[in-house]
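So you can see what is in the structure, the chains are spelled out below.
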Amino acid sequence: MNILVLGIGQSLRGDDAAGLEAVRLWRETHPQTARRVRVETAELPGLALLDLLMGADAAILVDAVQAAAPAGTVIRVGPDELAAFTPDAQSAHGWGVAETLQLGRALDPALAHVRVTLLGIVGKDFGMGAALSPEVQQALAEAAERIEAEVQELLAGERG
Amino acid sequence: MKTIEVPALARVEGEGGLYIGVKDGKAVEIRLDIYEPPRFFEGFLVGRYLQEVPDITARICGICPVAYQMSSAYALEKALDVRVSPPVRALRRLLYCAEYIESHALHIYLLQAPDLLGVPSALDLAAVAPEVVKGALRMKKIGNEVLKAIGGRSVHPVNACVGGWYRWPDAAPLKALLPELEWGLEAAKECVKWSLTLPYPDLEIAYEFVALHHPDEYGVIEGEVWSSKGRKLPVAEFETGYIEEHVKHSNALHSHTVDGGHYLTGPLARLNLNHAQLMPAAQKALKDAKLKLPLKNPYKSLIARAIELVHFYEEAIALIKAYAPAGPAHAELTLKAGEGAGATEAPRGLLYHRYKIDEHGRVQFAKITPPTAQNLPRIEEDLFALAPKLMKMEQEAATLTAEHLVRAYDPCISCATHFLKLKIESRE
């Protein structure tokens, strides 16, 4: 099974870097697992997300999100929930991850079969040049363990 | 789980706002407010070593990182009196071709075409015309592949530096892309034909066009800053002709010419001022299109982009065929205190940088004038011209029409952020 772990976010925009940092930490703490999968990071992938997903059977995207939950909360959006998500027309010119996935799936059967899971880390400060907020900084360890658990589950499925 | 705002995914900063004030049925005030990151970066760069600048400024835009790398590299090379070798320069043009291919394919098909075809988004376009969108993604992907082959990765290429390249990219992966580029060239020719069939709204504006001009090639890197009003300035004197000013309603600076007029930079300006320097296939596409130049309809910048797509596929093919790296990949830098300006043509228009550095190569001052800041007052003026039409429309149609105009300019916000909030306020 071809598994992709992708950290998304802008490194100079405060908590937006949460996804990049969580993937970096996971790589450091679980190098053995990281070697068995494809690991990528991207600052603003936009439609290039589709190219990154190409060839993967399953992907774990790690990104900062805004949500009605305390900063540092790690939220999992599973493949079925993400697939069911419909972007509203007002925002369809922006290229969020969900829109991009939907576009890819509409056009390419190969992408329709990639099981994509999103691990979202709730951020609060997305200002230019800001550092990670303490809440997000603290959440990185949990996020890294959640990545590990997701990958292990996929690898176990492969064996089973 | 229901509370998560998935479409936002943190990419919400920078919503554009458009405000139209109305009195006696006429628009009396128009304000377009766009968040703009370069202001932050100018401060962030101070104190950094010059070789960090191309990589840092590349992060300003996810769509045109190359433009920021190239303008900063040329400005800093000027400050150090460094000139790059011809092979270094040729590879810079190739990197830029890749960015144009990627950026224009995205804008033409996925950002502006939905407006012209009357569908709300690229997703809807994919539903009614999947082959068009598939073709667009394939065209765009070729740009990504070339960027990756030169720059190490496709989103923020990391190989460009002040003085040239950290290393020469291997020739084989680049040459392997030739068949796909040839396909892209044919697709781009078809794109021009298709672009001529689209229903552009009527709007002709007597613009002052401003673009980088080079006598021997389609102006992208180096050359003089030319205006359709006859002003010709070396890049080092750009700021004597074009002034940036702070305006109250926006945290983006607005530009005007030294005479006080607003000007247009971007594909229409380039095509109108530089069409004689297009490569042969692009020349032919332009001729066959039977267009009357100068093109003055902002919506038709899509046609200019399509013709440029032909040019940049064609140029990329020629550059890759000739690619045979020789000599050092970058010039040796001798540090000294100095100041330098550089300008290159980003896909969305002229991008000007100026830096002062100290004897250790640390940045003391940075100025970045992006194309969107230069076009902002022009967009507002166009909206004034459009306002009588907007007044007669329902809110939703008015918003879409205004959005389409703004989008036709391909401002940096059109892909990175969500879009306009239109507010029409009556003062009667």
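One can find the structure itself at the top, above this paragraph.
Residues numbered from 1 in each chain as written. Chains lettered and ligands numbered in written order. Predicted model: local features only at pLDDT ≥ 70, side-chain atom pairs only at ≥ 80, totals over all residues. Heavy atoms only, no water.

Novice: Honestly, the environment of Lys356(B) in this entry has me stumped. Any pointers?
Specialist: All names here are of chain B. Within the element layout of this structure, lysine 356 appears in strand E11 (residues 349-357). Spatially, the C-alpha atom of lysine 356 lies 6.7 Å from that of glycine 340, the residues being 16 residues apart in sequence. Apart from residues no more than four positions distant in its own chain, lysine 356 is found in contact with Gly338, Glu339, Arg362, Val363, Gln364 and Phe365. (Helix = DSSP H or I, 4+ residues; strand = E, 2+ residues; numbered from the N terminus. Contact = heavy atoms within 4.5 Å.)

Novice: How should I be thinking about the sheet that holds strand E6 (residues 224-227) of chain B in this particular structure?
Specialist: Within a sheet, neighbouring strands are paired by backbone hydrogen bonds and run either parallel or antiparallel to one another. Residues and elements named next belong to chain B. Spatial ordering of the open sheet is given by E5-E6-E7, a layout of three strands whose pairing is antiparallel. At either end of the open sheet lies a strand with only one pairing partner, and these are strand E5 (210-213) and strand E7 (232-234). The average undirected angle you get between the axes of adjacent strands in this sheet is 30°. Bridge count for E5 against E6 is four bridges, and the pairing is antiparallel. (Pairing = 2+ DSSP bridges. Axes fitted to C-alpha atoms, helices over the stretch in contact; angles between N-to-C directions.)

Novice: I'm lost on the pairing of strand E12 (residues 363-369) of chain B in this one. Help?
Specialist: All names here are of chain B. In terms of burial, E12 is a largely internal element, five of the seven residues being buried. Note that E11 and E12 share six bridges and pair antiparallel. Within E12, the position partnered with tyrosine 352 by the bridge is threonine 369. Connecting E11 to the next strand, E12, in antiparallel fashion are five residues, including glycine 361 with a positive phi near 80°. (Buried < 20%, exposed > 50% of the residue type's maximum accessible area, 1.4 Å probe, protein only.)

Novice: Any chance you could explain unusual backbone geometry here in plain terms?
Specialist: Trans is the common state for peptide bonds, and a negative phi is the common state for residues other than glycine. Residue and element names in this part refer to chain B. Cis geometry marks the peptide bond from leucine 293 to proline 294, where omega comes out at 0°. Of note, proline 294 is situated in the loop between helix H11 (280-289) and helix H12 (301-322). Phi is positive for glutamate 222, which is not a glycine, with a value near 65°.

Novice: Please clarify how the packing of helix H3 (residues 65-79) of chain B against helix H4 (residues 86-116) of chain B should be interpreted in this entry.
Specialist: Relative placement of two packed helices is described by the angle separating their axes and the distance separating the axes. Residue and element names in this part refer to chain B. Here H3 crosses H4 at 150°, and the two axes come no closer than 9 Å. The angle between the axes of H3 and H4 places the two elements in the roughly antiparallel class. Between H3 and H4 lies a crossing whose hand is left-handed. Facing H3, whose interface residues are Pro65, Val66, Ala67, Gln69, Met70, Ala73, Tyr74 and Glu77, H4 presents Arg89, Arg92, Leu95, Tyr96 and Glu99. Here the residues of the contact of H3 with H4 sort into eight nonpolar, one polar and four charged. (Parallel < 35°, antiparallel > 145°, perpendicular 65-115°, else oblique. Left-handed = near helix turned anticlockwise from the far one by under 90°. Nonpolar A, V, L, I, M, F, W, Y, C, P; charged D, E, K, R; others polar.)

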